[in-house]
Amino acid sequence: MSELKFLPIDLPLMIDKEEIYNGFEPDSEFHAWEFEKLTDTTDGKYGRNYIKDESRERFPTLCEYIDLLPYDAISNVKINCQRKPTVPHVDFTQPEKGQELWKNSVANEPCGYRIVIKGATDVLKIHTNDEIQTAYMPEETHAYAIDQSSGLHSVIDDPGRITVYTTGFINKDKHDKLIKKSLDKYRRYAIYKETGPIR
């Protein structure tokens, strides 16, 4: 799966988006986003952290959904609101600050699980081999997986777009089963390094 760059994820629609619309209180900014972090950072940005009790109380269905993702431990969860288009970028940019997480990510790509709360289904762009492919999101899922250690991507202007960024230490068996299940359902949306989307 190392050449798979993007794939929608086959998990149930169970997030009550109103809890996020009503409870999201961004308190930080980073490049194109304003965001609110839901995790404790006792073990550092790339360490083994946990979702704060306060976050679970404010966003119960979101946190229950995140619990379905194949992590042995969570490192970082943020609710992001996009303020402008994003330039092409890779999500995991400081491997030297989190070698254990970096190695776990590289061994399990695509393992950057992202959740779309609000936004268009055709604004995420995957950059592969001098081509730009549109990563289409089907309406019947909240989440996708992206190559976070080497997958170059961008998002065109989508005012008010709200996504949830998650990263953590992957449980390989659970992850591989979820990717296989998702490929069975969403193969036509998959983007590979060499081929682009399969239509």
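Here, the structure is the one placed above.
Computed from a predicted model, the values in this text were never measured in an experiment.

Caption draft 1: Expanded view of helix 5 (residues 172-186). Taking 1.5 Å per residue, 15 residues should reach 21 Å; helix 5 reaches 20 Å between its end C-alpha atoms and fits that length. Along helix 5, the positions that sit buried rather than exposed are H175, L178, I179, S182, L183 and Y186. Summarising the axial view, the buried residues of helix 5 lie within an arc of 135°, below the 170-degree limit, and thus occupy one face. Those residues of helix 5 that are exposed and aimed more than 90 degrees away from the buried face are D173, K174, K177, K180 and D184. Among the structural elements, strand 1 (4-8), helix 4 (99-108), strand 6 (112-118), strand 9 (143-146), strand 11 (162-170) and strand 12 (191-192) are those in contact with the buried residues of helix 5. The opening residue of helix 5, the one whose side-chain oxygen lies 3.3 Å from the backbone nitrogen of D173, is N171.

Caption draft 2: Layout of the side chain of T141. The residue T141 is located in the loop between strand 8 (131-135) and strand 9 in this model. At a separation of 3.3 Å, a polar atom in the side chain of T141 contacts the main-chain amide nitrogen of A143. Setting aside anything within four residues of it in sequence, one finds T141 in contact with P8, I9, L11, L13, Y65 and Y186.

Caption draft 3: Geometry of the sheet that holds strand 7 (residues 124-128). Sheet architecture is open: 4 strands sit in the order 5-10-7-8, paired in antiparallel fashion. The sheet is open, and its two borders are formed by strand 5 (86-89) and strand 8, each paired with just one other strand. When strand polarity is set aside, the average angle formed by the axes of neighbouring strands in this sheet is 25°. Sheet topology places strand 7 next to strand 8; 5 bridges connect them, and they run antiparallel. From the neighbouring strand, H127 faces strand 8, where its bridge partner is I132.

What counts and what doesn't
Every chain is numbered on its own, with residues counted from 1 as its sequence reads. Only residues with pLDDT of at least 70 are given local features in this predicted model, and only at 80 or more are side-chain atom pairs given and counted; all residues enter the totals for whole chains, interfaces and linings. The side-chain quantities take in all heavy atoms of the structure and omit both hydrogens and water. In this text, helices come from DSSP runs of H or I with a minimum length of four residues, and strands from runs of E with a minimum of two, each type numbered from the N-terminal end. Working rule for helices: expected span equals 1.5 Å times residues minus one. Partly exposed describes any residue whose relative accessible area lies between the buried limit of under 20% and the exposed limit of over 50%, with all areas from a 1.4 Å probe on protein chains only and scaled to the type maximum. Directions from the helix axis toward the C-beta atoms define the arc. Note on contacts: a residue pair qualifies if any of its non-hydrogen atoms lie within 4.5 Å across the two residues. Whenever a nitrogen or oxygen atom comes within 3.5 Å of another N or O atom, the pair is scored as a polar contact, on the condition that within protein one atom can donate a hydrogen and the other can accept it, and that pairs from neighbouring residues in sequence are kept only if both atoms are in side chains. We treat two strands as partners when DSSP finds at least two bridges between them. Lines fitted to C-alpha atoms define the axes here, with helix axes fitted over just the stretch in contact, and angles between the N-to-C directions of these axes take values from 0 to 180 degrees.

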